[in-house]
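What the coordinates show
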Amino acid sequence: MRTAFMAGNWKMNKTPSEAVAFAKELVEALKGANAKALVAPTFVALPGVAEVVKGSNVLLGAQNMASVESGAHTGEVSADMLLDIGVQYVILGHSERRAIYGETDSLINTKVKFAIEKGLLPILCVGETLEEREAGKLEEVILTQVKEGLKGVSEADLAKVTIAYEPVWAIGTGKTATPDDADAVHKYIRKVIADLYSGSAADAIIIQYGGSVKPDNVKELMAMENIDGALVGGASLKTDSFKSIVFFDK
Ligand code: 13P
């Protein structure tokens, strides 16, 4: 049985004081949820939000992390810094990091392995662009991103990894993949994991769907066999909508 896992990626939204006030509301609103719930504020909001979610059922994630330990890396934030303030998860390889900041599969793989080594739990994002989908390259793109992203990760460590399938064309566009289309890709990701690792690893891995997940489409997505949760952008920025997503089963 895979536990449902709903993560809110706040992206570059909310100042630290807004984030703290919002996190206080969420901690109250998400009490008693069956699903795991996580919030990922910006770096500067993490310390304040960490204090608020401490002792609650709301998990804390960062949206990115440096690929190296420390030193001369202007503008970067290290794994140790995140761990020091109580961060548990880290989103890696988000399509915005890939497209806007040029992150490659190889860099993302370094970060995935480094996060695991440090004791942070990676959420590895994969997903195709509309152009790639229309060119019939969906499986090729997903295979490469999953295989390269997980290169050198042992089966024991794979248990610490969540995969998020986020078709780029569905992010922030209001266009959601149909539940059947999303499930087909999730099923394919499980096949890739089965081929790389084992059938039991493929059964166990949590695969979130991301891309315009909203209160009114979450139930049908979560009804699909291979969809275990959601990585939510826009709809994670309001208490009511994120609450409805986390309580999709109520
Ligand atoms: P939206 O839910 O706003 O489409 O964003 C999805 C996403 O990119 C989450 O990481």
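Basis of the calculations
- Once a new chain begins, its residue numbering starts again from 1 and follows that chain's sequence as written.
- Given that this is a predicted model, residues contribute local features only at a pLDDT of at least 70 and side-chain atom pairs are listed and counted only at 80 or more, while totals for whole chains, interfaces and linings are drawn from all residues.
- Neither water nor hydrogens contribute to the side-chain values; these are computed over all heavy atoms in the structure.
- A cutoff of 4 Å decides nearness: a residue is near a molecule or strand if any of its heavy atoms lies inside that distance of it.
- Any N or O atom pair separated by 3.5 Å or less is treated as a polar contact, with the protein-specific requirement of one donor-capable and one acceptor-capable atom, and with residues adjacent in sequence counted only for side-chain atom pairs.
- Exposure was quantified through the Shrake-Rupley algorithm and a 1.4 Å probe, taking into account, for residues, occlusion by the shown protein chains and nothing else.
- Side-chain classes follow a simple rule in which Ala, Val, Leu, Ile, Met, Phe, Trp, Tyr, Cys and Pro form the nonpolar group, Asp, Glu, Lys and Arg form the charged group, and the remainder, Gly included, forms the polar group.
- The helix count covers DSSP runs of H or I at least four residues long, the strand count covers runs of E at least two residues long, and both are numbered beginning at the N terminus.
- Three exposure classes are used, based on accessible area relative to the maximum for each residue type with a 1.4 Å probe and protein chains only: buried under 20%, partly exposed in between, and exposed over 50%.
- Every residue gets a pLDDT, meaning the predictor's confidence in that residue, from 0 to 100.
- Criterion for a salt bridge: a side-chain nitrogen of Lys or Arg within 4 Å of a carboxyl oxygen of Asp or Glu.
- The set of buried Ala, Val, Leu, Ile, Met, Phe, Trp, Tyr and Cys residues whose side-chain atoms join them within 4.5 Å is what this entry labels a nonpolar core.
- Should any heavy atoms of two residues lie within 4.5 Å, those residues are considered in contact.

Turning our attention to the site of the ligand. Close to the ligand lie 13 residues, the nearest being Lys11, His94, Gly172, Ser212 and Gly234. Glutamate 166 is positioned such that a nitrogen or oxygen atom in its side chain is 2.9 Å from an oxygen atom of the ligand. Burial of the ligand by the surrounding chains reaches 96%, relative to a free accessible area of 300 Å². Within the shell around the ligand, the residues separate by chemical class into four nonpolar, seven polar and two charged.

So, on to unusual backbone geometry. Unlike most non-glycine residues, lysine 14 shows phi in positive territory, near 75°. Along the chain, lysine 14 falls in the loop between strand E1 (5–9) and helix H1 (16–29). Phi angles above zero are rare outside glycine, and serine 212 is one such case at about 55°. Along the chain, the position of serine 212 falls in the loop between strand E7 (206–210) and helix H11 (218–222). Judged by relative accessible area, which is 9%, serine 212 ranks as buried.

On to the confidence of the model for the chain. Residues with a pLDDT of 70 or more make up 100% of the chain, whose mean pLDDT is 97. Confidence scores differ between elements of the chain, with helix H6 (residues 130–134) showing the lowest mean pLDDT of 93 and strand E4 (residues 89–92) the highest of 99.

Bringing the pattern of salt bridges into the picture now. Applying the stated criterion across every chain, the model contains 14 salt bridges. Salt-bridge contacts for glutamate 69 lead to lysine 118; the nearest nitrogen and oxygen are separated by 2.6 Å. In this pair, glutamate 69 sits in the loop between strand E3 (58–62) and helix H3 (79–84) while lysine 118 sits in helix H5 (residues 105–118), placing the two residues 49 residues apart along the sequence. Lysine 118 gets classed as partly exposed once you look at its relative accessible area, which sits at 22%. With a shortest N-O distance of 2.9 Å, glutamate 103 and lysine 111 are connected by a salt bridge. As far as burial versus exposure is concerned, glutamate 103 and lysine 111 are alike and both buried.

Membership of the largest hydrophobic core comes to 75 residues, with the highest contact counts inside it found for Leu150, Ile163, Ile189 and Ile193. The element that contributes the greatest number of residues to this core is helix H9 (residues 179–196), accounting for six residues. Discounting chain neighbours no more than four positions away, the residues touching isoleucine 163 are Leu124, Val126, Val146, Leu150, Ile189, Ile193, Ile205, Ile206, Ile207 and Gln208. Within the second largest apolar cluster, twelve residues are counted, among which are Phe5, Ala7, Leu59 and Tyr89.

Turning next to the environment of valine 246. Tracing the chain through its elements places valine 246 in helix H12 (residues 239–246). As for valine 246 and alanine 33, which are separated by 213 residues in sequence, their C-alpha atoms are 6.8 Å apart.

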